[in-house]
Structures are given as C-alpha cells and as structure tokens.
Amino acid sequence: MKNEKIKKIKGDVISRDKYKEESWIYSEIVRDHFFNPRNVLLDDTHYEAGGTGTAGDPACGDMMTVWIKVDAESQKIKECKWRTFGCASAIASTSMMSVMITENGGMDIKKAMHLKPQQILERLGGLPDRKFHCSVLGDIALREAINDYLRKYESSRN
Amino acid sequence: MKKIYLDHAATTYIDPIILKKMTPYLKGNFGNPSSLNLMGRKAKAAIENARANIAVILKAEPKEIIFTGSGTESDNLAIFGIARAYRNKGKHIIVSKIEHKAVLESAKKLEREGFKITYLNVDSKGIIKLSELKKSLRKDTILVSIMYANNEIGTIQPISEIAKIIRKFRKNNLLPVFHTDACQAAGALDLKINKLGVDVMTLNGSKIYGPKGVGCLYISEDVKLEPLIVGGGQENSMRAGTENVALIVGFAEALKLAEKLRVKESQRLKKLRNYFIKRILKEISNSRLNGHPIKRLPNNVNVSIGGVEGESLMLMLDKEGIFVSTGSACTSDSLDPSHVLLATGLLPELAHGSLRFTLGRKTTKKEIDYVLKILPKIVYKLRTISSIKLRKL
Amino acid sequence: MIIFENMNPREINTFILKDRISEADNIITLKFSPVKGKIFQFTPGQFVDVHFLDDRCGGQGKPYSISSVPGDKFLSITVKKIGRFSGALHNLKVREKVGISAPRGYFYPEDGMKNIVFLAGGIGITPFYSVIKDYFNKRADKNIFLFYSNNTKDETAFLNELSSIAKNWEKFKIVYFFTRENAAISTVKNKEFKRIDVELLKKYLKNLDKKYYFICGPVGFVTDLWKELKRNNIKDEYIKVESFY
C-alpha cells in the first residue's frame, strides 16, 4: 500500500524550470501561448459563429468570449476563436483550449462538453493553484458556446 | 537587452559608495557588538555611530532608535509592542485602510486577540478623512498608525495635521500613541520628528539605495514598548539577536546620502514623473492616474489602463526589459486586487488593470521616452485580444 | 472617464437570509428567500454566484453550489469558513440581504446515466447533497455510490442526513473516509481511515467500468482523483469534475 504523502508545496509552484536563473514566471508552454496566442478573433463584426459563450467578469480580473464553428455533419468543432481580458494564465488557457478542440480534425462537441480544466492545465505544463480558475473560465465559456450552438441547431431543425 | 528598472518602491540597487562602506564589516571587521574584546568594541562603535547618524537626521536621541531586520519587523514591533504595553489602558487601535500589509495584518491579528480596530476610510485620492479620524478617537484608543506615504499610489498623508488632532485629543496624556510607517518617505520627504509630531516611526534600508534585511524603529523615550524578540538583551532589550553590523552601517549611510540628495533629487524626479504621467494620459486612451496628483511621492506613477489586465501588461513590459509592478490580483491567494486601490473606490476591473512605475536615481528622460514608445504598443496588442470593448471617447 | 461597453448585465436577484444552521465544524448552511417573487428554477448540482450588496469584499461574487432541492422553502448554500469571503458569509445575520445570480453549471448526471459514483472531498459534498436528496425524493432509477472524504467526523457535513437516506433507499450507498480521525467512531458504519484511492474504489465498486464518475472538492483532491481514474483507463466522457477554488 502506497503510503507516501505527496507534500503539496504551497505558493508559487511553477514548472520544472523553477530553479533556473533565467526562468519565466510560468511554464515555457504558457509563455509561448501568452506571447503568441493562437486563434484570437481580431474582428468579430463579420464572423458567423455557430455558437458563442462568455465566462468570467472584468471585476474578477478575467473574462473570455469564445466563438465556435461546428461542422453540421460530423458535429466536430472546425474553428474556435476567442478574446480574453485577463492575466497571462487566462490568455494562455483560452489559447490552449482553442488548440485542443480544433486539432486533429476537431473535437466532437459531445467530447468537448466533457473537457475539463485539468486537461487544459496538463497541456499547459501546469499552473500555480491560485491560477486554476483561469482554466475553469475557458472551460465554462466553451460549454456556453456549445450549448448556444446546440440551441440554435435544434431550433433550425424544427 | 537594455534593462530599465522602474520598481524602486519595491527595492533599489545598493549605491556603490554604500556597499564600500559596508564591506569592511563583512570582511576583517567581523566582531560581535556584544563582545567586550577589541573586535566587539569596534563593531559596537560602528552601530552606535550609525545610530547617532540616523538620530541626527530624525532630530531624535540615539537611544530612541532601535534596529530591526526589516520595515515589516519594525511595523510589527510598533503595533504589537505598543498594544501589549498599554493593553490595560485600552484596547482600541486606529489604522487606515491603505496601510502596508505589515500594519494591517498585525492589526487583524490583534483583533482576533480581542482588540478593537477601526479601519479609517480614504478619499478617492487616498487621503484619510480627518473628520473620520476625529470621530474615531475614544477614551480607550491607545494607538493610531497611519503611513506617511503609500507605497502603491504614492499618496502623502497630512502627518503633522493628524499629529495635531491626536495631541489635541490626548491633552497632556500619552495615549493614543501615533505611529507612522515612513519606509517610502525616506529620501523624498522630511523625516524630522518635531516637524511631524509622531511618537513612533518605521524606516527601512531597501528603498533608499541601502541593503535589504535591515530597518529601524524610532520610538519616543516616553513611549513604552513590549519587545517581540527576546534573548541576549541587544538594542536596549528591545530587539534581541546579534546585530548585522554591515547592514546597519549600510542603512545609516544610505539614509545620510538620501537626506543629502533629498531636495534636489525630489525636484528632478517630480519633473520626470509629471512628464511621464502627462504623456501616458495623453497617449493611451482610457487611462487614469491613481492617487493624489500633487500630494504624491516624487517618483510614483500608478495608472489604470482600461480593457487590459495588469499582470499581462507587466509581463509584456518585462519581456522588453522594463521592470514594473501591478495592482492586479496575480500574487494574492485571495484573487482580490490591491486593497489600496479598492479603498480609494476604484472599480475592481480598473484595479486589475493597474501598473505602478516607480522612478529612481538612475532613471533618465531617455529611459522614460523609451518606455513611452513601448507601452502604447503593448496596450494596443492586449486590447486587440481583449474581450472588453471600450467606448471611444 | 473610462467606460466599458459590453459588460454582461448580470442578473442578480436580492435574497434575504432567513435562517442559519451549523452543519459541522466551521460549516454552516445559509437559507435564503428572494425579496421579490419565487425562487428561480434550477437543476440540483448547479451553483450560483453570491455577492455582498456593499463593498465588503470588493464587490466581487463567488460561486457556491446550491445545497437545497427545487421545491424547498428556501434556497440554501452550505459554506465552509476558509478565507475572507466565506468568513464574511459566516458573519451574515438573519434578515441581512445579499445578491444571488441565476443558477449556472452542468455538474449533474444526465438522463442516460444509471450507475453513478460521487467522489466528494470535504465541502465538495454540497452539489452532491442536492442531487442525492432530489433523486431520493423521486426514488429515481439510479444506482448511486458516494465516497465522501473528510479530515474528521466533526468536520463532516450532512453525515446524519446522508446516512439516513442510505438507510431508507437501497440504491444509495455511502463509504465515509476520515483522513485525520483518531477517535473510534462506532456510530459510523462503512468507513475507511485513509484517503480515497482507486484500490478502495475497486474494493467497493468491484468493477470500475460502465459507471459515471463525478468528482467535487478542492483543486488538489479533484485533480489527483481524476488522474488516478484516467490511469485506470476511465475515459474523460465518463468523468465530470467541479473544483472548488
């Protein structure tokens, strides 16, 4: 029986790069997605989204809006664009999420509904506990967008 | 990569002259000031000399200066030390809502121990409401602690007016004692005790081009204090522990130098600061200055920029070699932004979008101009990906 | 002047505190009534955002799972005192008012899910409590196994209520986990004195397959158990998580 108590280091847990002199504040992957965010929607005036969702609140320091385009036949997410007001973790989380659901031909929307913040965090190489909510918000915004799409899809079929 | 350091309110470099004066005490002059042999006596002389120098600047007596390990420790010693010394005379303490966490957390801890704390409000520029202070003073008030100048927004409190109010209230008695945290004021404002009218004052070395890890507490000889750290009787039994001679020497030298340069340097910085503020407000739309525009530390620029978040701004500036800090929630476990900004009534979303630039002795107009080239680009980039739309004014 | 445009108008309804009940060490249930109209519709397992009407905590709201069921007289949340916000909630007096947003979230079993496993860490019990009571009231055709972890018995909220439901409904089973309990708790049957791990889940469930897992509690608890389930080949489509942060 494994009796190791994995000691939780409270405070700034970052990545394995923690003790390198020139280390950044978060993981290298987060850094990449922060300085080079993928799938940002620069102009939403002409974008015809299948579904839109928003999560967060400027008063809380993080807010993100997500737009998705779904292939009607395969029910896979073809495109995911977003905009975020928030810290580096929030921007990187939304960027990574947009990559995860559109890579490899796109995620099935049923599977995307089950996307967990833990999965986003894993791909990001981890974030300090106090930044966990950034990934949660991305997740919530996606779910809102999918539900929005499903509502529109249902009503267009009827 | 060019590095432009604009976080002097957090800490400063150690002036090379100061470092030189410290070094002998890290090398051959290593005696313990409590030793009675020659090595010890030399070390003792050094710290007494440092003490006397600081006393001269404050216009106080050397015996009224206690050396500690930091500004935070001095604040703790003041708050806990005075509260406990006078607890049978009263249990009410007044602090402002924008005090440094060292003061606020000490007050909160005393609250849990049964003391009553009044947290004074500040106005939208960060100045405490004097009428509220007057109303809060009671028979059982033993301590009032209000910081001289705020580290985040730079607002300077009317300390001598506050002292007048307290002295008028206490008539010929000693209580309440008036403490001020002056860590940010050193080098910029007048520290003379008789001018300020305070009974107790905190100072530290890390913001005046001296070393980190050292501070002091001025405490008027009339005021009682219960020590926090006990042991070998150092610092007149007010703070035990082998004194860090090098740091103490460095601290005193730094304060001396800061005082010498104070008037001219404040003038120079004020000009740069005002230039910087004017250009930011002009060139970046939807931006605002936090804190008082005039009653403000000469080197402090704290702005909120609409539609973007502080940590993102800070990290992008960091990439360009520009080092600043932010009032956003990025470092607090509580997800709350700066308590100081919120206390001035600033909307949380603007508190999350705040940046603090604090200029220093080596800051030049050229550096500021460079920052003014980079900052708008960063704001623009973050605004293009931001989910907040700002109305065009 | 800085003016923001598309601030989502939050639907915040004002609620008034009608009653407070102590559930366990540092855990209380707050019962609210809407100032106007009736309690909104919600699905057990959802949460609401709670705001103070003054600037007590900087004007921000925090999410809390609803611990009452639809049809209850009051809307309840159950709060553990951890930090400043929850501390302020603990200090709320009866007749004080707060703002509560419309219910949100998808943390509940869907119709097709029959065999359900709830993994609750501490105050993570709150959404499950609402779901379990609701299913019990309807005698729903679901098989529910709750694994509920706490430090000690005194810190365990709803212990008696849950045990009572388990006694009266054969489709609902509980195992309590106490990670820091010293006392011999004879009154509690079905208990373990360690943390929840997959070996213990296998012991009680016999088979991990064909079940839907719901994990709720602090971030560390949820992430650790999620990883363990994944390592044991449970797919993400069979796992739903809600982390309290």
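Structure report, in brief. (Residues numbered from 1 in each chain as written. Chains lettered and ligands numbered in written order. Predicted model: local features only at pLDDT ≥ 70, side-chain atom pairs only at ≥ 80, totals over all residues.)

**Points about the overall build of chain B**
Phase 1: Check the secondary structure of chain B and you find 13 helices and 13 strands.
Phase 2: Computed over the C-alpha atoms, the radius of gyration of chain B is 22 Å, within 12% of the 21 Å expected from 2.2 N^0.38 for a compact globule of 393 residues.
Phase 3: With the C-alpha coordinates aligned to their principal axes, the bounding extent of chain B is approximately 70 × 55 × 35 Å.
Phase 4: Going through the 393 residues of chain B one by one, you find that 53% of them count as buried.
Phase 5: The long-range share in chain B, meaning contacts at least 24 apart out of those at least 6 apart in sequence, stands at 72%. (Helix = DSSP H or I, 4+ residues; strand = E, 2+ residues; numbered from the N terminus. Rg over C-alpha atoms; globule rule 2.2 N^0.38 Å. Buried ≥ 20, exposed ≤ 12 C-beta atoms within 10 Å, placed from the backbone. Contact = placed C-beta atoms within 7 Å.)

**Re the sheet that holds strand β9 (residues 172-178) of chain C**
Residues and elements named next belong to chain C.
Phase 1: Pairing is parallel across the open sheet formed by 6 strands, whose spatial order is β10-β9-β8-β7-β11-β12. Both edges of this open sheet fall to β10 (191-192) and β12 (239-244), since each of them pairs with a single strand only.
Phase 2: As defined by bridge partners, strand β7 (residues 115-121) adjoins strand β8 (residues 143-150) across 7 bridges and the pair is classed as parallel. Residue pairing in the sheet places N115 in a bridge with N143 of β8.
Phase 3: With respect to the sheet, helix α4 (residues 198-205) is in contact with β7, β8, β9 and β10, its orientation differing from that of β8 by roughly 145 degrees. (Pairing = 2+ DSSP bridges. Axes fitted to C-alpha atoms, helices over the stretch in contact; angles between N-to-C directions.)

**Quick word on helix α5 (residues 219-231) of chain C**
Phase 1: For α5(C), built from 13 residues, the straight-helix expectation of 18 Å at 1.5 Å per residue is met to within 8% by its first-to-last C-alpha distance of 18 Å.
Phase 2: Every buried residue of α5(C) is listed here: C:V219, C:F221, C:V222, C:T223, C:D224, C:L225, C:W226 and C:L229.
Phase 3: Buried-residue contacts for α5(C) involve α4 (117-124) and α5 (132-157) of chain A together with β7, β11 (212-218) and β12 of chain C.
Phase 4: C:N233 sits one or two residues past α5(C) and shows a positive phi near 65 degrees. (Expected span 1.5 Å × (residues − 1).)

**What about the interface of chain A and chain B?**
Phase 1: Each partner contributes residues to the interface: chain A has 21 residues there, and chain B has 21 residues.
Phase 2: Grouping the amino acids of the side of chain A that touches chain B by side-chain chemistry returns 15 nonpolar, 4 polar and 2 charged. (Nonpolar A, V, L, I, M, F, W, Y, C, P; charged D, E, K, R; others polar.)

**What to know about the environment of C:P109**
Residues and elements named next belong to chain C.
Phase 1: Its location among the elements puts P109 in the loop between β6 (97-101) and β7.
Phase 2: Residue classification places P109 among the buried positions, given that 20 C-beta atoms sit within 10 Å.
Phase 3: Counting along the chain gives 105 residues from P109 to F214, while the straight-line C-alpha distance between them is 8.4 Å.
Phase 4: Contacts of P109, omitting those with residues within four sequence positions, involve I116, V131, K142 and Y212.

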